[in-house]
2 protein chains.
Amino acid sequence: MSFPEANILEVDLSQKAIRKKVLDGDTHRLYPGGSSLGTYILLKEMDPNVDPFSQENILVFSVSPFTGLPIAGANRITVNTKSPLTGGIADSQAGGFFPAYLKGNGWNSIVIKGKSDHPVYIYIDGDKVELRDATNMWGKVTGESERLIKDDLNEDSIDMAQIGPAGENLVRFANIINMNNRANGRNGTGAVMGSKNLKAIVVKKRLGLEPVDRHNFMVLAREGLEKFKNSRGLQLFGEHGTDRGLINHHKNGFLATRNWKSGYFPEGAENITGTTMTRTILKKRDTCYGCPIRCKRVVEIEGKVDPLYGGPEYETCAAFGSYCGVTSLETVAMANQLCNMYGLDTISCGGTIAFAMECYENGLLTKEDTHGIELKFGNGEGLLAIIEKIAKREGIGGLLAEGSYRAAMKIGKGAEKYSITAKKQELPAHMPQYKPSLGLIYAVNPFGADHMSSDHDTVLTLPPESDARKNLALLGIRKGYDDSFELDDEKVRFAFNTQCFESAIDSLSLCQFVWGTSALYGPNDLVLLARYGIGWETSIYELMEIGERKINMMRYFNAREGFTKEDDVLPERLFEPFKDGPSKGRALDREKYENAKKLYYEIAGWDEKNGNPTFGTLKKLSLGWLIS
Amino acid sequence: MSFPEANILEVDLSQKAIRKKVLDGDTHRLYPGGSSLGTYILLKEMDPNVDPFSQENILVFSVSPFTGLPIAGANRITVNTKSPLTGGIADSQAGGFFPAYLKGNGWNSIVIKGKSDHPVYIYIDGDKVELRDATNMWGKVTGESERLIKDDLNEDSIDMAQIGPAGENLVRFANIINMNNRANGRNGTGAVMGSKNLKAIVVKKRLGLEPVDRHNFMVLAREGLEKFKNSRGLQLFGEHGTDRGLINHHKNGFLATRNWKSGYFPEGAENITGTTMTRTILKKRDTCYGCPIRCKRVVEIEGKVDPLYGGPEYETCAAFGSYCGVTSLETVAMANQLCNMYGLDTISCGGTIAFAMECYENGLLTKEDTHGIELKFGNGEGLLAIIEKIAKREGIGGLLAEGSYRAAMKIGKGAEKYSITAKKQELPAHMPQYKPSLGLIYAVNPFGADHMSSDHDTVLTLPPESDARKNLALLGIRKGYDDSFELDDEKVRFAFNTQCFESAIDSLSLCQFVWGTSALYGPNDLVLLARYGIGWETSIYELMEIGERKINMMRYFNAREGFTKEDDVLPERLFEPFKDGPSKGRALDREKYENAKKLYYEIAGWDEKNGNPTFGTLKKLSLGWLIS
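Residues numbered from 1 in each chain as written. Chains lettered and ligands numbered in written order. Predicted model: local features only at pLDDT ≥ 70, side-chain atom pairs only at ≥ 80, totals over all residues. Heavy atoms only, no water.

## Considering the relation of the copies chain A and chain B
Of the transformation superimposing chain A on chain B, the axial component is 0.0 Å and the angular component is 180°, with the fit at an RMSD of 0.0 Å. Overall, the copies show the geometry of a two-fold rotation axis. Minimal C-alpha separation from the rotation axis in chain A is found for Tyr 541 of chain A, amounting to 2.1 Å. Comparing interface residues between copies, 100% of those in chain A also sit at the interface in chain B, which points to an isologous, same-surface contact. (Least-squares fit on C-alpha atoms with pLDDT ≥ 70 in both. Contact = heavy atoms within 4.5 Å.)

## Some thoughts on the domain arrangement of chain A
All names here are of chain A. In terms of domains, chain A is made up of domain 1 (6–204), domain 2 (231–426) and domain 3 (436–507 + 539–626). The straight-line distance from the C-alpha centre of domain 1 to that of domain 3 is 29 Å. With 29 residues of domain 1 at the contact, the number on the domain 3 side is 21 residues. Carbon and sulfur atoms supply 59% of the area that domain 1 and domain 3 bury against each other, a total of about 2,100 Å² over both sides. (Domains from an automatic or database assignment. Buried area = accessible area lost by both parts, 1.4 Å probe.)

## Here's the deal with unusual backbone geometry
Positive phi is not limited to glycine here, since Lys 413 of chain A has a value of about 55°. With respect to the helices, strands and loops of the structure, Lys 413 of chain A is situated in the loop between α17 (403–411) and β15 (421–422). A relative accessible area of 62% means that Lys 413 of chain A is categorised as exposed. Phi at Met 179 of chain B takes a positive value of approximately 55°, unusual for a residue other than glycine. Checked against the element boundaries, Met 179 of chain B lands in the loop between β10 (176–178) and β11 (182–184). We classify Met 179 of chain B as buried; its relative accessible area is 18%. (Helix = DSSP H or I, 4+ residues; strand = E, 2+ residues; numbered from the N terminus. Buried < 20%, exposed > 50% of the residue type's maximum accessible area, 1.4 Å probe, protein only.)

## A closer look at the nonpolar core
In terms of nonpolar packing, the biggest core is built from 280 residues, with Phe 66 and Leu 344 of chain A together with Phe 66 and Leu 344 of chain B touching the most fellow members. With residues up to four places along the chain from it excluded, the contact list for Phe 66 of chain A reads Ala 74, Lys 103, Leu 209, Leu 508, Leu 510, Leu 526, Leu 529, Ala 530, Ile 534 and Trp 536 of chain A. Ile 77, Val 79, Phe 98 and Ala 161 of chain A belong to the second-largest nonpolar core, a separate cluster that totals 31 residues. (Core = buried A, V, L, I, M, F, W, Y, C linked by side-chain atoms within 4.5 Å.)

## Describing the interface of chain A and chain B
Each side of the interface is counted separately: chain A has 31 residues, and chain B has 32 residues. For the pair chain A and chain B, the summed buried area comes to about 2,700 Å², and 53% of that belongs to carbon and sulfur atoms. For the chain A face of the interface with chain B, the top three residues by lost area are Arg 478, Tyr 541 and Lys 620 of chain A, together amounting to 23%. Summed over the shared surface of chain A and chain B, the result is 6 salt bridges. Here Lys 619 of chain B makes a salt bridge to Asp 489 of chain A, at a shortest N to O gap of 2.0 Å. Across the contact surface, chain A and chain B share 16 residue pairs in polar contact (both at pLDDT 80 or more). Contributing elements (two or more residues each) for the side of chain A that touches chain B: α1 (25–30), α19 (467–474), α20 (489–507), α21 (523–534), α22 (540–560), α23 (590–604) and α24 (615–620) of chain A. Taken together, the residues of the side of chain A that touches chain B sort by class into 10 nonpolar, 8 polar and 13 charged. (Salt bridge = Lys/Arg side-chain N within 4 Å of Asp/Glu carboxyl O. Polar contact = N/O pair within 3.5 Å; in protein donor to acceptor, adjacent residues only side chain to side chain. Nonpolar A, V, L, I, M, F, W, Y, C, P; charged D, E, K, R; others polar.)

Structure, rendered in C-alpha cells:
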C-alpha cells in the first residue's frame, strides 16, 4: 500500500471558516506527523517575521498515522507555531488520550489561523466541526473551564486541549493543557492560542484505529507487555515516575540548584525525589492511551492539592525545588497544580522565578518590586505567590511573565548573567556539565534548550551488550565512553545521530519513553510498527532522514527569522566551575564546546558562518522546494 | 555477540615473511570486508605517492564475514591497491569459488607487500602458508599455469587467483583471474601483482562457514530460491546472462559503438546480444558458490574457443563488439578467451583498441605503426592480433598496454579526444547520455568510471509498487522519473544514495546481482543475513554509513595522491550530440552536469574546490583518525 494521506482541518478564526484539506501520501511520507508535519505546514503557509501574537501567526496541532493504534506510546500530539518566547519555531509535545481521540475523529492536523473577535472554542465531532462561544470560560482555570465546556455541550464523552488564564494573558511561557494535567509545555504555545482568543479544542471521544496486519501487530504489542513485565528498570520508572532519578543527579553533583549556581542540593534532594513522592503524597499512577508503564503521577494533599491536576514530573520538582532552593515536596506539588490550573510551563516558570530570586538576593530586585515578598532562595510561599502573579500578570508578575531573558533586559544592571536560558528559554534540569553532548544540543536545537531532542550521554557508559548500546549501534553509534564528561568528536556524532533519531520519534508522534534506544521498543521495532500498524515498509535509514529533515526545516524556519550562530549559545554560568558538592571544580570547557559546535555544524551540513542548512543539505533532504 | 574479528594474512615478498594479524571486531565492524577492509589496510599501511609498480605498493585481497555462507551471492573478493592505470585507489571485484575457499581457510584479507626477487606463488592451506617458486609458470597463460601449479603441489583440490603474461608484462589494465574465467578486472591490479613477481595465490578447497542461526538462515536461503523460481526477470537473466540487455541498448540508441561515436549498431547488435549467444555458441551455464542464478557463460567454438575460459559478459561483447564495430560473436568470444588467458581487462582492452581504431581511421596511427594491420573499425582479425601484442607488449602493443589515455598523450596530434576515459580508465558500456546519474558517478567515482558503483537511473521508470522502487524507498529514494534523461536534483540524490548502498554491498563482499535494490534479495534481507548469518544486529542506516565511509576513504586516498576536481571529468564526446540512430541529437547537457556535480559534492560533504572530504565529513564517518 502507499503511505496514508493526512487529513488537515484548517480553522480560520478571523473568517470563521472551517476547511478540510488533504495532503497526499507521497508528500506526507516526507513529513509523517507531529513536529515534521507541523513545521511543514508552517513553512508552506506562513510568512516570516510575523509577530507571534498577531493573527498572521499560525498554530498547528499534529499527530501521525500511528496515533491511536492500540499499542503503548503511539499517542502524542505536537504543537508548532512561531514562539513568543524564542522568536523561532515552537515545538512542544504532550500525551494523554486527546491525541488518540483527535485521530479517532479522522484528523492528522488542526491548523489554526487568524484571530477570533471573541473567546471561542472548537468542537470536533468527526467531520462535524463547530466554533462555539467561550466567553463563559474565559478567565477560568483549566478544571473549571473543562466543566463549563462539558455543560455547554451537554456531553461528558469529550476531551480537550485548552489554555488557562496564563495563555489568555499572553504569558510568554504559557502552555496548552489536556486532562488538566498533560501539557504541551514549552515555547509558549498557549500564549499564541490565547492571542487568537481560542480557549480550547474539544474532541468527541472516539477510538478504534485498526492495524493493517492485526495478528503481527498484536504480537508486537504483547512482546512489549512481556518486556515491560520483565524489565526492572521500566517497572521502577513506572513505579516512581520521571522524578525517580532526581536523587542521583544530586548525588553526582549535577542537580541544578539555586538558579544553577550549584549542582548539589543536600538540604532538599531527598525530600523532592520520586521515591519520596511515592511514599508520601502519591495517590495513584496514571497512564496515556494504551500504555502499561503508567509513569504519570497523581498526588493529593488534603485541602491543598487536588488529584484532578495530576502530579509533578522530574523537571517540575527540579524547577520549583532545587532551582529555587525549595525543600518542600508539598510546595512543589502546589506549584505544579497552579501551573496546570493557569496553564504555565513549569520549567520556564521555575527557571524564571529562580532567576528572580538570584536578582533579589543580589539587590537587583527589591522588596518594593516584589510587593513585600522576601523572594529569597528557599521561600516556598513566595514562590507560590509569584506563580499566581505571573499567570495574572500582576505587578512583578508582568515582568516575569516575559521570561527571565526579557526580564533581565528590562532590569539591566547585569541581570542577564542570571538568566539561564538558550534562545531565551529556560534550561531544563539536565546539566551540560554532566551531559556535555546534551549541552551542545541545548545550544543548537532550533526550539531552544530541550532535554528530549537527543539521547543523553550517560547512556554511553552502559556496557556494549546492553539493549541501549545495541540500539545505538543501529544508528551508527558504536563507541562507548568513560565517565570523563569530555565533549569529544564521537560525542558530537552521538549528539547529532540521536538528535535525528529522536526527531524522527517526535515526527511520528511517539513517546520517547516507549519508543527509542533506551525504551520499551527499539529502532527495529519501529520498523515493525510501521509495517504491521499502517503497512508502511520503511527502514531506520528513512526514519533517520525524516528526523534530520525536520531539524533542517526548523533551522530554515529560524534562519528566515534572522537567527544566526549567535543564537546557538549557552549561559556563561555553565563555564564557571562549581564551588561545592561532588562536582566541585567541574565546568564546561569553552574550547572543547566551541570546537564541538563547529564540528556539529559540519556534520549537520550547516554553514560555518550562520549555522544554517546549506543549499546541498536542503537538496539532500528533499527540501529543495524551500529555496527554489 | 560482538562483530567477528578479521584474520589478516600479511606476506612480505621482499622479506619472505609471513605474518598473521588480527583486526578486532569493533574496528572490523567499521570496515567489514571487501573494498572497505582493503582500503582501510592501504590507508593504514601505505605511504602516499609511491610508484604503483614499486615494492612500496601494497596489494590487498579481501572478503567479508559473510563470505562462504551457504547462500547465493555471498561470495565475492575485492582487490585494492594503488592503480597503475588511474594513479589512485584501485578496486576490483570477482566471484567464483575462490573467495569462499579463501575464507574456508580462515582468512579475511591477504596483504601483499614488497617484491620477490624471483617469480613465486603463495599456497594457503589453513594456517599453513608457503611461498613457492613460480619460475616454471612465469610466462604461461592462465590455463597452463593452473595445471603446472596443480602438478607442483601434487594436489587437485585447490583454487587460485593468478595473473597471466599481461600482468607479468605490467600492462596497465592487466587483471587477476580465478577459475580461468572470473576476473578482478579493472584498474590494472594484475600488473601490480606482476610487478611483485607474484604469479598466483593458491588456496586449498575448504568450505563450511556455519550460520549462527541455522534455522532462520535456511529460511532466508529457501525464500531466495523460491523468489528466483517465481521471477521471470531473474530467470531470463540466468538464462541469457548479463549480455541479455545488449540489444535493448542498441534499440534505444545507447549501445556505445565505434569508440562511442554512436549509440546505434544496426549491423552487429543482433549478432552479439545474449539471446544469440544462448542460441549459438553457449555450451553451458556456470555459477559462483551457492548461487542458483547461473549467469556465467561458458561457450565453445570447435578449435577456436575452449570452454575452460568461460564466455563473454555484456561488457565484453560491447567492448570488443560495438566499441570496435566488430559484428562477429565468434570474434568477440575469441577476444574474451585471449583476455582470460593473458589476464587482461576486457573493457579497457576493447576501449583502448577502439581508440586505436579511431586514431587509425583519422591517420594518427598508420599501417607502419600497426605492423601492417588495417586497424579499422570492424576488423576482427586485427582486433585479435592487437590483443596478443598488448599482452606481450610487442610493437604497438607496448603503446596500447599503457591504456588509451597514456597512448593518446604519446601519440599527440589531438589523439586525447579519442580516449574515452575517466580518471584515465576506459568507460564501461552504459552511456551517460541514457543514464545521466550514472554518468555523474563515472566522473566522481574514486576508482574511475564504473557501472557497478551505483544503481542505474533506468530503475526509476519502474512503477512505485515494484520491488525495486520499494527497496529504493528504504534508501530514501521515493521519487520516480519519466524517460526524459534529465540530470535533476533528485537524480543526484539517487546517484549518491545508491552509490553508498552499492558501496556497502561491495564492502560486504556480496554480489550486486543477488543483493541489491533490483536483485534477488533486498536491503531488508541484508539485515536478516547479518542477523542469522553472523549474529550481527545491523540496520540499513549502519550499512549506508559503511558504504559512505568507504567512498570517503577512497576519496581521501586519492586526495593524498594529488587528485582534485579536475580528475572528476567525463570525455568531451559525451557532450556532443549523436549523429544517427534513435538517439540522434541526444547529448549530456554541460550545464546540468556541472550543476549536478556541484550538488553531488555538497551532498557528499566534499569541498567545492577539490571535491575532497571535509574535516566534518571524515569525523562524521568515524574517519577522524585519518587527519589527526
